[in-house]
Amino acid sequence: MRPKLYVVALRHLIGYLFAIVSLYPVLLMVLSSLKSTIEIMTKPLALPTAPSFSAYAKLLDQMPFDRYFLNSLIVAVGSIALILVSCSLAAYYISRTSYRWNGALMFIFLLGMMIPVKLGIVPLFLLMKDLGLSNSLGSLISIYTAIGIPIGILILTGFFRTLPRELEEAARIDGCSDIQILAKILLPLMRPALGTVMIINLVTAWNDFFFPLIFIQDEVKKTIPIGLMSLFGEYSSDWSTLFAGLTLASIPMIVFFSVASKQFMEGLTAGAVK
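Below, the structure is looked at part by part. Every chain is numbered independently, its residues counted from 1 as its sequence is written. Only residues with pLDDT of at least 70 get local features here, since the model is predicted, and only at 80 or more are side-chain atom pairs given and counted; chain-wide, interface and lining totals rely on the full set of residues. Water and hydrogen atoms play no part in the side-chain values, which are based on all heavy atoms of the structure.

## A closer look at the packing of aromatic side chains
Part 1 of the argument: By convention, a stacked pair of Phe, Tyr or Trp rings (six-membered ring in the case of Trp) has centres within 6.5 Å and planes under 30 degrees apart, an edge-to-face pair has planes over 60 apart, and any other such pair is tilted. Counted according to the given criterion, the structure contains 9 aromatic pairs.
Part 2 of the argument: Ring geometry for Phe53 and Tyr56: centres 5.9 Å apart, planes at 45°, overall tilted.
Part 3 of the argument: With a relative accessible area of 61%, Phe53 lands in the exposed category.
Part 4 of the argument: One aromatic cluster is present, formed by Phe125, Tyr144, Phe210, Phe211 and Phe215 through successive ring pairs.
Part 5 of the argument: In this scheme, the term charge over a ring applies when either NZ of a lysine or CZ of an arginine sits within 6 Å of the ring centre and within 35 degrees of the ring normal. The aromatic ring of Phe210 is capped on one face by Lys118, whose charged end is 4.9 Å from the ring centroid. Note on exposure labels: buried denotes an accessible area under 20% of the residue type's maximum, exposed denotes more than 50%, and partly exposed covers the range between, all computed with a 1.4 Å probe on protein chains only.

## Comments concerning the environment of Gly132
Part 1 of the argument: Relative to the helices and strands, Gly132 resides in the loop between helix H6 (121-130) and helix H7 (137-160).
Part 2 of the argument: Judged by its relative accessible area of 57%, Gly132 is exposed.
Part 3 of the argument: C-alpha of Gly132 to C-alpha of Ala249: the two residues are 117 residues apart in sequence and 29 Å apart in space. Under the scheme used here, helices are H or I runs from DSSP no shorter than 4 residues and strands are E runs no shorter than 2 residues, and both carry numbers assigned from the N terminus.

## Considering the pattern of salt bridges
Part 1 of the argument: For this analysis, a salt bridge means a side-chain nitrogen from Lys or Arg found within 4 Å of a carboxyl oxygen belonging to Asp or Glu. What the rule picks out here adds up to 4 salt bridges.
Part 2 of the argument: Residue Arg172 pairs with Glu168 through a salt bridge whose shortest N-O separation is 3.8 Å. Of this pair, Arg172 and Glu168 both sit in helix H8 (residues 166-173), separated by 4 residues, roughly a single helical turn.
Part 3 of the argument: Classification of Arg172 by relative accessible area gives partly exposed; the value is 41%.
Part 4 of the argument: Asp218 is paired through a salt bridge with Lys221; the nearest N and O atoms lie 3.7 Å apart.
Part 5 of the argument: Using a relative accessible area of 32% as the deciding quantity, one classes Asp218 as partly exposed.
Part 6 of the argument: For Lys221, a relative accessible area of 28% corresponds to the partly exposed category.
Part 7 of the argument: Each member of the salt-bridge network shares a partner with another, and the members are Arg96, Glu168 and Arg172.

## Quick word on the nonpolar core
Part 1 of the argument: Each nonpolar core is a collection of buried residues, namely Ala, Val, Leu, Ile, Met, Phe, Trp, Tyr and Cys, held together in the definition by side-chain atoms within 4.5 Å. One finds Leu140, Leu156, Phe160, Met190, Phe211, Phe215 and Leu228 to be the most contacted residues of the largest nonpolar core, which totals 54 residues.
Part 2 of the argument: Among the secondary structure elements, those contributing two or more residues to this core are helix H3 (54-62), helix H4 (65-96), H6, H7, helix H9 (178-189), helix H10 (191-207), helix H11 (210-215) and helix H13 (239-269).
Part 3 of the argument: By residue number, the principal contributor to this core is H4, which donates 12 residues.

Below, the structure is given as structure tokens:
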């Protein structure tokens, strides 16, 4: 039985209202980047009276924002690549083998989601120092990889278990090895799960403030959240330039999510209906 017209209209209205509420902070951020700091303080919710891109020019001229952007990109891409490779191999092993300790192994990985990493910040700092990774982007890549592996294995293991084993048996008859089966047959079918893991860890690596603040000291190695902190002064803050930096920093995430949103939604809802 099809729902009545007014029910459908009410659902669309509620959906549009939620969309407006969610997008309003983003719109406010973009509009604030086109105002002066005085106008932001006096008329924070109003439209800019004389839109200007001077804040963007000031951002690019007075601070190495391009370097911050590149550092954040290196950290995000490096950690996501390591997460996808390691989680794909581990999840394939856990889901496709009948080893008696698979349940315990899965539980050990999931402990990473239960224990906050920040509780071990002191031994983690000493470990990075002993490994020679202190004050380097490698320390951030290692940390974000360790943080992302548990949730990645949880998602990918569930997806591997939904794929029919007949695909692997047919590939083995054709002479494929386990790595070839994983790379050429299973992973192409795992795009929704891989997209979900990528987006979740991209948000973590791109927006994190805590770990770059602890592990990075050199100006040229800072990521965007730490680099923009210099816009906060002791007695005043350059709000227009700050909003310009936030707008530029949010563009890659908006573009990536727009491209991968279909895969992300399929990854979240897969398995809900059998």
